[in-house]
Amino acid sequence: MRRIFIVAFALFLGVFQAHSQQVDKAKKLLDEVYNKMVAYNNIYIDFKYNLDNIAENINQETKGNVTIAKNKYLLNYLGATKIYDGHKTYTIVPENEEVTIEKNTNDDNAITPSKMLTFYKKGYKYKWDIQQNVRGRKIQYVELKPQKANTDVKQILLGIDIQTKHIYNLIEIGKNGTKTTITVNTFKTNQPISNNIFKFDREKYKKDGYTISEL
């Protein structure tokens, strides 16, 4: 009996150590990506967005682009423009001639462009996942699972180019079966950008007849 207990304990310890090593590998890779990204003055990403829910027979595919500089961003997506200046988010919808202004919110579950590189640092468990060869590029996936139970997100898979340490794609799987995939088509760094790129020109939009509301 003592021998069986020792063998079982040794097996448990081996599994625990292997899991711990996988967690350490995943965190090390995520930290390498973060450290490389924050060293850039700015990042421009042209991306493809795909939403798929088989149960609801929904499949939506579109494109967008985002410019990120530290905690600020300019996002063009689904015919709208979002500007975050570090304090407020300005959502501009030309089709409706509307602008919505929101103060800084602390939604830990929302992965915004400015949080793309830091969201994993709080509230997630890591796991080393599969590696895929995508057109000659080695893409290593890290699985992230929310630690909180009261979230709509089941898991997130972050695909990282092993050579460049750049993000290739992000796959979010919801508890309702919805799968959202953001794939990077173009990735540029340290581009010449205007000093006013993240500033909202209220007078311009008022002059153009836009309805401006603040939440």
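Above this note sits the structure.
All of these numbers come straight from a predicted model, not from anything done at the bench.

Analysis parameters
Residues numbered from 1 in each chain as written. Predicted model: local features only at pLDDT ≥ 70, side-chain atom pairs only at ≥ 80, totals over all residues. Heavy atoms only, no water. Pairing = 2+ DSSP bridges. Helix = DSSP H or I, 4+ residues; strand = E, 2+ residues; numbered from the N terminus. Axes fitted to C-alpha atoms, helices over the stretch in contact; angles between N-to-C directions. Patch = residues over 30% accessible without salt bridge, like charges linked within 9 Å, V, L, I, M, F, W, Y side chains within 5 Å. Areas by Shrake-Rupley, 256 points an atom, 1.4 Å probe, with all protein chains shown as cover. Salt bridge = Lys/Arg side-chain N within 4 Å of Asp/Glu carboxyl O. Lys, Arg positive; Asp, Glu negative; His and termini not counted. Charge placed at Lys NZ, Arg CZ, Asp CG, Glu CD. Buried < 20%, exposed > 50% of the residue type's maximum accessible area, 1.4 Å probe, protein only. Phe/Tyr/Trp six-rings, centres within 6.5 Å; stacked < 30°, edge-to-face > 60°. Lys NZ or Arg CZ within 6 Å of the ring centre and 35° of its normal.

Caption draft 1: Representation of the sheet that holds strand E7 (residues 124–134) within the structure. Taken in spatial order, the twelve strands of this open sheet run E7-E8-E9-E10-E11-E1-E2-E3-E4-E5-E6-E12, and their pairing is mixed. Either end of the sheet is taken by a strand with one partner, and the two such strands are E7 and strand E12 (211–214). Along the sheet, successive strands turn relative to each other by an average axial angle of 20°, direction set aside. In the sheet, strand E1 (residues 43–53) pairs with strand E11 (residues 179–189) via ten bridges, with the strands oriented antiparallel. The partner of Asn 50 across the bridge, within E11, is Thr 181.

Caption draft 2: Focus on a positive patch on the surface. Residues Lys 125, Lys 127, Lys 145 and Lys 154 make up a contiguous surface patch of positive charge. Locating Lys 127 in the fold gives a position in strand E7. The class of Lys 127 is partly exposed, set by a relative accessible area of 42%.

Caption draft 3: Spatial organisation of the packing of aromatic side chains. The full count for this structure, using the stated rule, is six aromatic pairs. Taking 5.2 Å as the distance between ring centres and 65° as the angle between the ring planes, the aromatic pair formed by Tyr 49 and Tyr 77 counts as edge-to-face. In this pair, Tyr 49 is assigned in strand E1 and Tyr 77 in strand E3 (residues 72–77), connecting sequence segments 28 residues apart. Here Lys 204 stacks its cationic end above the ring of Tyr 205, 4.4 Å away from the centre of that ring.

Caption draft 4: Focus on the pairing of strand E4 (residues 80–84). Among the five residues in E4, four count as buried, and that is most of the element. With antiparallel pairing between neighbouring strands as the criterion, E3 and E4 make up a hairpin whose turn holds two residues, including Leu 78 at a positive phi of roughly 55°. Pairing between E4 and strand E5 (residues 88–93): four bridges, direction antiparallel. Note on E5: the bridge partner recorded for Lys 82 is Thr 91. Once E4 ends, the chain turns through three residues before running back antiparallel as E5, passing Gly 86 with a positive phi of about 100°.

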